[in-house]
Amino acid sequence: MAEVTEEKVEVKVKEPREPLFSKKNKKLLTDPLADNNPITIQVLGICSALAITAQLKPSIVMSISVIFVMGVGNVVISLMRNIMPSKIRIIVQLVVVAALVIIVDQVLKAFAYTLSKELSVFIGLIITNCIIMGRFEAFALGNGVWKSFLDGIGNAAGYGLLLIIVAFFRELFGSGTLFGIKVLGDPVEKTGLYALGYENNGFMVLAPMALITVGIIIWVQRSRNKALIEDH
């Protein structure tokens, strides 16, 4: 009798690919805007929030710059994560972010020289922004390119959102302007709100008021979401 052997055929079932904008991926974008904001929750990047938020325009430019640096930087670090020696990873990360910051600086000098002069040293200080280095270490080194890109854009957007909110109130109440345009009236000719006795609050354009404004935002955020309040 002929022996009949049955061959077991292994059928590999491919797992469905995760959608580009799945629920988890969307959270990478949306969480840093509110419940995991880099400034109000993680308490990172406070220095620039104090330094450049006296006016709205420089704050928006800084926000866009950080979004570019973090988005591209996270992608580069993610691509290099398997070939990067762990002993020199910090040096590699600094080189990557420094190269991207130089690109931003040169673009600003070429197309927005006045703003470049206003931001001056603060553009260079993006290199040492703890949010960027933190996301390189905490996320890009352990995740794929797409997730790393979303994480970088999300955290940079959350950072930029706070800069813009703080700058809006500081410029409005400190100078009576937005983007340099008088919106409350003319303080010299006493038109608009100034005709009613309103005066610009000079304290708003000073760095301490940026810290107070951030503190108020943190208080409002935790008042709305009790889960963010830490137990002591």
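Owing to the predicted nature of the structure, the values given are computational and were not obtained by experimental measurement.

1. Some points on a nonpolar patch on the surface
In step 1: A cluster of nonpolar side chains, namely Phe203, Val205, Leu206, Ile212, Ile216, Trp219 and Val220, defines an oily patch on the protein surface of about 640 Å² accessible area.
In step 2: Relative to the assigned elements, Phe203 resides in the loop between β2 (181–182) and α9 (207–224).
In step 3: With a relative accessible area of 38%, Phe203 lands in the partly exposed category.

2. A word on the side chain of Asp105
In step 1: Along the chain, Asp105 turns up in helix α4 (residues 89–111).
In step 2: Residues contacting Asp105, with those up to four places away along its chain left out, are Ser116 and Ile123.

3. What about unusual backbone geometry?
In step 1: Despite not being glycine, Phe179 shows a phi value in the positive range, around 55°.
In step 2: Mapped onto the elements, Phe179 comes out in the loop between β1 (177–178) and β2.
In step 3: With a relative accessible area of 43%, Phe179 lands in the partly exposed category.
In step 4: One non-glycine residue, Lys190, adopts positive backbone phi at about 60°.
In step 5: Here Lys190 shows up in the loop between β2 and α9.

4. Some remarks on the side chain of Glu171
In step 1: Structurally, Glu171 is set in helix α8 (residues 145–175).
In step 2: Lys57 is the oppositely charged side chain nearest to the buried, salt-bridge-free Glu171, at an N-O distance of 8.4 Å.
In step 3: A distance of 2.7 Å separates a polar atom in the side chain of Glu171 from the backbone nitrogen of Leu56.
In step 4: Among the polar contacts made by the side chain of Glu171, one reaches the main-chain amide nitrogen of Phe179 at a distance of 3.1 Å.
In step 5: Look past the residues within four positions of Glu171 in its chain and what remains in contact with it is Ala54, Gln55, Leu56, Gly176, Thr177, Leu178, Phe179 and Gly180.

Each value, and the rule that gives it
- Residues numbered from 1 in each chain as written.
- Predicted model: local features only at pLDDT ≥ 70, side-chain atom pairs only at ≥ 80, totals over all residues.
- Heavy atoms only, no water.
- Patch = residues over 30% accessible without salt bridge, like charges linked within 9 Å, V, L, I, M, F, W, Y side chains within 5 Å.
- Areas by Shrake-Rupley, 256 points an atom, 1.4 Å probe, with all protein chains shown as cover.
- Salt bridge = Lys/Arg side-chain N within 4 Å of Asp/Glu carboxyl O.
- Helix = DSSP H or I, 4+ residues; strand = E, 2+ residues; numbered from the N terminus.
- Buried < 20%, exposed > 50% of the residue type's maximum accessible area, 1.4 Å probe, protein only.
- Contact = heavy atoms within 4.5 Å.
- Lys, Arg positive; Asp, Glu negative; His and termini not counted.
- Polar contact = N/O pair within 3.5 Å; in protein donor to acceptor, adjacent residues only side chain to side chain.

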